Amino acid sequence: MKKFGTLFTCIFMALFIFLPPAFAKDKNELKIARWDDINTFDPGWLTSGDRELTIMRCIYNGLVKYKEGSWEVVPDLAESWEVSDDGKEVIFHLRKGVKFQKGYGEMTAEDVKFSFERIIAPDSTSSEKGNWGSLDGVEVVDQYTAKLIFKDRMVQLFTSTLPSNSGFIVSKKAAQEMGREKFSFNPIGTGPYELDQWEPKKHVKLKAFDGYWGTKPAIKRVKFIPIVEDATCEMALKTKEIDIGRVALINAAIYKKKSKLNLVVKPSLKHWWVGFTVNKAPFDNQKLREACRYAIDVDKILTAAFFDIAPRANTILPPGLLGHWKDAPVYKVDLKKAKQLLKEGGKPDGFKANLYIWPDEQVKVTAEVIKADLAKIGVDIDIQIKETGAFNKATTSGEPDMYLSYFNTTIDPSYAFSWFVSGEEWNLSKWSNKKYDALITKGMVETVSAKRAQIYINAQKEMDKDAFAIWLTHGIRIVAAQKNLNLGKLYPDGRLAPWDISFK
């Protein structure tokens, strides 16, 4: 029966891949699959880059942006700016006549002040506070001039903070009128698209904003559809229910060579890891964490769950980023050493622990490998699958013993490291290392690249020493699109710019 099922799957895939295209007729609506539904439209409270960032980029603008197709930072809502010699003041000169969506008036320096200060306010619950580092406040010089004032220089201001979601400008009037909770699902920005409709777990519909100040998008409507399973997404591509989606890693090579789809493979700016919650038993015991690190076979995970397509990561930063630790230790399986560490940690016969994951086939496979590997040293793992929202709530509150996770990052190293400082909500392991915290603070103000790189290498050494994470991979991003689409300029990490996409 198992052989028959495998044969059936192969036949089905072959038929799928070689079926002739039957393109959707409506060229006024672009349908894009996402792996899950959004939690918010508020850029200051983003919960997942994969779920929300592309949608937010359609709705909002920042003072600056990454130029489509690159990481070059170019003007957006700001036409120009001046930076003081000490880097503690940055004056932005805004575009005039930029309108907010849904009749909320002209964008001014008051909106800039409000957008940033709401994030750094003492009572703010925004997870983006750390990305604003030493921002002291924003001064409204005049209607179209805003001055950002810092306690110290922010090296990552233009490379990470401003071009990303925490730098997006929201309507002060709308946010204050609605309150933050209501605004989270009724966003008002200045971008090329505005929200038309959101039906939870069904779709997010955007429509072109008639009052948009920039070049109007070629496609008037964009529909984002949450599709969790890769196989379901592939079927939706086959039946032309969607224009852009993804394919399972196991099928990527076949699609690349023979499919009627346009397949683009890009390196990802992510870090996948197995994490330990270190402020409670059993993993407040470092010896037990180290034992697990020597028992879990990362290479086996990359074969079983990532099909040897995504390269191994031995540290948090991918190659090519400032501060990448190329000499990071590579931990290979050593069961003898793992058992010795268990003995040193007072658990010679092993122990029980839970592992929290979210419902995703790739993640489930990874969890099963971890469970099997740890069983070899007497560690009994209970895999608990949580829906995305429940998973985020549980991990941010420190509920699990172990968890699987991945975070997206930016081209500036400070972003990746900011989530692991003491007390940060998204520091899922509840790890605290004062030396690390001091290094991250220092890295945010160091302007000499070589010195800054060494600071982040030293920070990675602290992470490695405390063994709160087992790094897996930086991943890849696969974009699968119908061939009647011009995908425009994808960002280097494979993210879409829907306003730049057109039908042929």
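Predicted model only: the values in this text are computed from it and were never measured.

Caption draft 1: Region of the structure containing the confidence of the model for the protein. On average, residues of the protein score 93 in pLDDT, and 95% of them reach the 70 mark or higher. Contacts for the low-pLDDT stretch residues 1-24, under 50 throughout, to residues beyond four places or in other chains number 27 contacts.

Caption draft 2: Structural view of the packing of aromatic side chains. All chains considered together, the criterion is met by 32 aromatic pairs. Ring geometry for Phe92 against Phe158: centres 5.9 Å apart, planes inclined by 40°, an arrangement best described as tilted. Here Phe92 is found in strand E5 (residues 89-94), whereas its partner Phe158 is found in helix H4 (residues 157-161), with 66 residues between them in sequence. Both residues of the pair, Phe92 and Phe158, count as buried. Taking 5.6 Å as the distance between ring centres and 40° as the angle between the ring planes, the aromatic pair formed by Phe420 and Phe468 counts as tilted. Placement of the pair is Phe420 in the loop between helix H14 (413-418) and helix H15 (434-443) and Phe468 in the loop between helix H16 (449-466) and strand E17 (469-473), with a sequence separation of 48 residues. Using a relative accessible area of 1% as the deciding quantity, one classes Phe420 as buried. A relative accessible area of 0% means that Phe468 is categorised as buried. Directly above the aromatic system of Tyr491 lies the positively charged group of Arg57, at a separation of 4.6 Å from the ring centroid. Geometry around Trp45 places Arg180 over its ring, the cationic atom sitting 4.3 Å from the centre.

Caption draft 3: The arrangement of the side chain of Gln156 in detail. Within the fold, Gln156 resides in the loop between strand E7 (145-150) and H4. With relative accessibility at 2%, the residue Gln156 sits in the buried group.

Rules behind the numbers
Residues numbered from 1 in each chain as written. Predicted model: local features only at pLDDT ≥ 70, side-chain atom pairs only at ≥ 80, totals over all residues. Heavy atoms only, no water. pLDDT = per-residue confidence, 0-100. Contact = heavy atoms within 4.5 Å. Phe/Tyr/Trp six-rings, centres within 6.5 Å; stacked < 30°, edge-to-face > 60°. Helix = DSSP H or I, 4+ residues; strand = E, 2+ residues; numbered from the N terminus. Buried < 20%, exposed > 50% of the residue type's maximum accessible area, 1.4 Å probe, protein only. Lys NZ or Arg CZ within 6 Å of the ring centre and 35° of its normal.

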